[in-house]
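Results of the structural survey
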Amino acid sequence: MIAPWHERNPVVLKAMKAELATHYPDLRVIVERGIVHIRGSFPVIDDAEVLDRFLIEVTLATDYPDSVPVLKEVGGRVPWHEDRHVIPGNGEACLIVPEEWIIQPNHDSILAFLIGPVRNFFLGQILVESGNPWPFGERSHGLPGLIEAYGEILGTSDGHTLRRYLDCLSREALKGHWECPCGSTKRLRDCHLNKVKSLRMIILPRVAQQAVNRLDKLSERQKKNSAHPIFRRIE
Amino acid sequence: MDTNEYLQSVLSGQSLDDDSTELKELQTHRAEVEKLIRKSFGSVPIIRYGGSRAKGTIIKESYDLDIVCYLPSDSNAAGETLQEIYENVRNCLRNGYYVEEKTSALRLKGNSADNYRRDFHIDVVPGRFTDGDKSDCFIYQNGADKCRMKTNLDVHIAHVNGSSVIDAIRLLKLWKTRKGLRVKQFVFELLIIDLLDRKKGESLSTQLVHVWEEISASDNPIHVEDPANPSGNNLTETMKAAWPELKSEATNTLDTIKWSGWEAVFGAVAAAKSATIAERAQRATAFVSAPNKPWCPKG
């Protein structure tokens, strides 16, 4: 079994503590039963002033930063409801489609996570609480939201095409004789090889596989209510 | 502004007016809870109110209302045993709320789609008076080694109200809340009152530093006694569990004051703004360099 990230990289944990102490002094880093948590009061800052505060707990799984930190608002202010982007079963906040964050170059910085998706989420909560819409829009719930997000990254809005791209990207090596994932039936070398190569620069095979698994999981759930499969796996 | 003026400004920013949304909501739920209890158990239960408002320790970032629902010592109107009373009151509250079971209290949260699990900051504490004096009371201890505990709401309120260190309690409660420290508020208040017993005439900053210094200097948890039941309610375990993080944060806070000053602990005191928080949040979104859309896996 692989040791948790903070045991493999104690220096990273130490740096994280120092970084938080400087930028978010009310947030504490705690290791409990081998898992790293960040707890305390998160200030939503604007123009050097605190607009509002939310009590939070962020959990960094053992494979962090390969997985997205899990945020919970623990002050009981945000209802557990899909429309507030909180999972009703466990209170976890759904800040962003995970792979959208994992492909960011600074996804391994907890500070970037707090200043980015976490702050955006709470700015949204303040606005939604007062009857306004989500400031930057919101993804559709479930599978359609995944297709929207992956589609934006891959440059296609067709579910089958993006699935083929993800399958292609999830492989460790590229072969020119493969069929192009765009659906043209041409060989990859004669079609979108450059696009796939560019995508591989930002989407690692591991991340593409993670996206495929997520699609499959939600597709499976949706299939229960539908006679036709949402995606066909490439053989 | 000197340090003590600054600390008073922090406290002012934490006040809740009687017509504040938060207190109005508490009052609405208080009436609803009383209605639910009366509907199930009639006029027999004695309902009283405690919590931070009653004790004068309310702060905007952490406030609550305790509604005690005590049965007379000779009444079985809500059940024969303490456990039955606890469970029957819980079941009655489920008609209007999502009820989270705590050791002795029932925490009320939203149960409808639009407010599911939103915290209403209300604890209902069922129990039974020990005798006809209607003062001391037994409450059920869900999942604890000892299944009942003797307590006295009036003694607790009087102990805090009469401590003469309410301001220090409120500021330390703010500190505890912001740091996410998991020490029971009641036990923390007892600790503060004990530590400041001989510092009542001191300035607020001196009082706070004294509390942090005492916690920081003590390797073992400082012993506190429940004034309502000094020999019967052992708070050592509660204090022991919280002590390492309490001590660590007290030490860090003293360092912060030393190197960065008090504003690094409680933040800058914001000037009054004409725009609402939502309006300011709306403006802030215009300057977000990396916007993203939230998503929910369940469709």
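See the structure shown above.
The structure displayed is predicted, hence computed values, not measured ones.

Let us now look at the overall build of chain A. Scanning chain A from terminus to terminus reveals eight helices and four strands. Shown N-terminal to C-terminal, the secondary structure of chain A runs as helices and strands in the order α-α-β-β-β-β-α-α-α-α-α-α. A principal-axis box enclosing the C-alpha atoms of chain A has dimensions of 55 × 45 × 35 Å. Taking all 235 residues of chain A together, 51% fall into the buried category. Within chain A, residue pairs in contact and separated by at least 24 positions form 49% of the contacts whose partners lie at least 6 positions apart.

Bringing the overall build of chain B into the picture now. Per the secondary structure count, chain B includes 11 helices and seven strands. In terms of C-alpha radius of gyration, chain B reaches 21 Å, essentially the compact-globule figure of 19 Å for 299 residues. Summarising its shape, the C-alpha atoms of chain B cover approximately 60 × 55 × 35 Å along the three principal directions. Every one of the 299 residues in chain B was classed for burial, and the buried ones make up 49%. For chain B, long-range pairs separated by at least 24 residues make up 62% of all intrachain contacts whose partners lie at least 6 apart in sequence. Carbon and sulfur atoms make up 45% of the accessible area of chain B, which amounts to about 14,100 Å² in all. The centroid of the 39 positive side-chain charges in chain B is displaced by 5 Å from the centroid of its 42 negative side-chain charges.

All names here are of chain A. Viewed as axis vectors pointing N to C, helix α2 (residues 10–23) and helix α4 (residues 110–129) meet at an angle of 40 degrees, and their least axial separation amounts to 9 Å. It follows from the interaxial angle that α2 and α4 lie oblique. From α2, M16, E19, L20 and H23 reach across to α4, where they touch I110, L111 and L114.

On to the pairing of strand β1 (residues 27–32) of chain A, then. Both β1(A) and strand β2 (residues 35–46) of chain A contribute to a ladder of six bridges, which runs antiparallel. Across the sheet, residue R28(A) finds its bridge partner in β2(A), namely R39(A).

A separate point is the packing of helix α5 (residues 142–154) of chain A against helix α8 (residues 205–223) of chain A. Residue and element names in this part refer to chain A. Close contact between α5 and α8 brings their axes to 9 Å; oriented N to C, the two are set at 150 degrees. Between α5 and α8, the interaxial angle falls into the category roughly antiparallel. As α5 packs across α8, the resulting crossing turns out to be left-handed. In contact with G142, L143, P144, L146, I147 and Y150 of α5, α8 contributes A211, R214, L215, L218, S219 and Q222. A per-class count over the contact of α5 with α8 returns eight nonpolar, three polar and one charged.

Residue and element names in this part refer to chain B. With respect to the helices and strands, Q185 occurs in helix α7 (residues 185–195). For Q185, a relative accessible area of 18% puts it in the buried group. Side chain to side chain, Q185 and K176 meet in a polar contact 3.1 Å long. In this structure, Q185 is in contact with I169, K173 and K176, ignoring residues within four places of it in sequence.

All names here are of chain A. All chains considered together, the criterion is met by three cavities of 30 Å³ or more. If you add up the space inside the largest cavity, you get close to 60 Å³. E99, I103, Y150, I153, L154, L166, I203, V207, A208 and A211 are the residues that line the largest cavity. Breaking the lining of the largest cavity down by element, the ones donating at least two residues are α5 and α8. The residue makeup of the lining of the largest cavity, split by class, is nine nonpolar, no polar and one charged. Each pocket or cavity is described by its volume, and for the second largest cavity that value is around 50 Å³.

Let's shift gears to the layout of surface pockets. When its volume is computed, the second largest pocket comes out at roughly 670 Å³. If you trace the second largest pocket, you find 25 residues lining it, with V70(A), E92(A), P98(A), R214(A) and W295(B) closest to the centre. Those elements that provide at least two residues to the lining of the second largest pocket are β4 (70–73) and α8 of chain A. The element best represented in the lining of the second largest pocket is α8(A), accounting for six residues. Its residues assigned to classes, the lining of the second largest pocket shows 14 nonpolar, three polar and eight charged.

Residues and elements named next belong to chain A. Taking strand neighbours across the sheet as the criterion, the four strands line up as β1-β2-β3-β4 in an open arrangement whose pairing is antiparallel. With partners counted over all chains shown, the strands left at the sheet margins are β1 and β4, one partner each. With strand direction ignored, the average angle separating the axes of adjacent strands in the sheet is 25 degrees.

For any pair of aromatic rings, the description consists of the separation of the ring centres together with the inter-plane angle of the planes. A complete count under the given rule lists 15 aromatic pairs over all chains for this structure. Through successive ring pairs, a cluster of aromatic residues spans Y24(A), F42(A), F54(A), F121(A), F122(A) and W134(A). Its guanidinium or amino end placed over the ring of W80(A), R117(B) lies 3.8 Å from that ring's centre, counting from NZ or CZ.

Moving on to the pattern of salt bridges. Residues and elements named next belong to chain B. Considering all chains together, one arrives at 34 salt bridges over all chains under this definition. Between K102 and D123 there is a salt bridge, with the nearest N and O atoms lying 3.2 Å from each other. Residue K102 is located in the loop between β3 (98–101) and β4 (106–109), and its partner D123 is located in strand β5 (residues 119–129); the two are separated by 21 residues in the primary sequence. Owing to a relative accessible area of 34%, K102 belongs among the partly exposed residues under this scheme. Between K247 and D219 there is a salt bridge whose closest N-O contact spans 3.3 Å.

This brings us to the pairing of strand β3 (residues 49–60) of chain A. Residue and element names in this part refer to chain A. Examined bridge by bridge, β2 and β3 share 11 bridges and lie antiparallel to one another. Following the sheet pairing, R39 is matched in β3 by E57. With antiparallel pairing between neighbouring strands as the criterion, β2 and β3 make up a hairpin whose turn holds two residues, including D47 at a positive phi of roughly 55 degrees. In terms of strand pairing, β3 meets β4 through four bridges, oriented antiparallel.

At the junction of the two partners, chain B supplies 39 residues and chain A supplies 54 residues. A buried area of about 4,000 Å², summed over both sides, lies between chain B and chain A, and 57% of it is on carbon and sulfur atoms. The largest contributions to the chain B side of the interface with chain A come from K293(B), P294(B) and W295(B), which together make up 20% of the buried area. Connecting chain B to chain A are five salt bridges. In this structure, the salt-bridge partner of K179(B) is D26(A), at a minimum N-O distance of 3.7 Å.

Reading the values: rules and limits
- Residues numbered from 1 in each chain as written.
- Chains lettered and ligands numbered in written order.
- Predicted model: local features only at pLDDT ≥ 70, side-chain atom pairs only at ≥ 80, totals over all residues.
- Heavy atoms only, no water.
- Helix = DSSP H or I, 4+ residues; strand = E, 2+ residues; numbered from the N terminus.
- Buried < 20%, exposed > 50% of the residue type's maximum accessible area, 1.4 Å probe, protein only.
- Contact = heavy atoms within 4.5 Å.
- Rg over C-alpha atoms; globule rule 2.2 N^0.38 Å.
- Areas by Shrake-Rupley, 256 points an atom, 1.4 Å probe, with all protein chains shown as cover.
- Lys, Arg positive; Asp, Glu negative; His and termini not counted.
- Charge placed at Lys NZ, Arg CZ, Asp CG, Glu CD.
- Axes fitted to C-alpha atoms, helices over the stretch in contact; angles between N-to-C directions.
- Parallel < 35°, antiparallel > 145°, perpendicular 65-115°, else oblique.
- Pairing = 2+ DSSP bridges.
- Left-handed = near helix turned anticlockwise from the far one by under 90°.
- Nonpolar A, V, L, I, M, F, W, Y, C, P; charged D, E, K, R; others polar.
- Polar contact = N/O pair within 3.5 Å; in protein donor to acceptor, adjacent residues only side chain to side chain.
- 1 Å grid on protein atoms, 1.4 Å probe; cavity = no way out; pocket = protein on both sides within 12 Å on 5 of 7 lines; lining within 4 Å.
- Points joined across faces, edges and corners; volume = space filled by probe spheres on them.
- Phe/Tyr/Trp six-rings, centres within 6.5 Å; stacked < 30°, edge-to-face > 60°.
- Lys NZ or Arg CZ within 6 Å of the ring centre and 35° of its normal.
- Salt bridge = Lys/Arg side-chain N within 4 Å of Asp/Glu carboxyl O.
- Buried area = accessible area lost by both parts, 1.4 Å probe.

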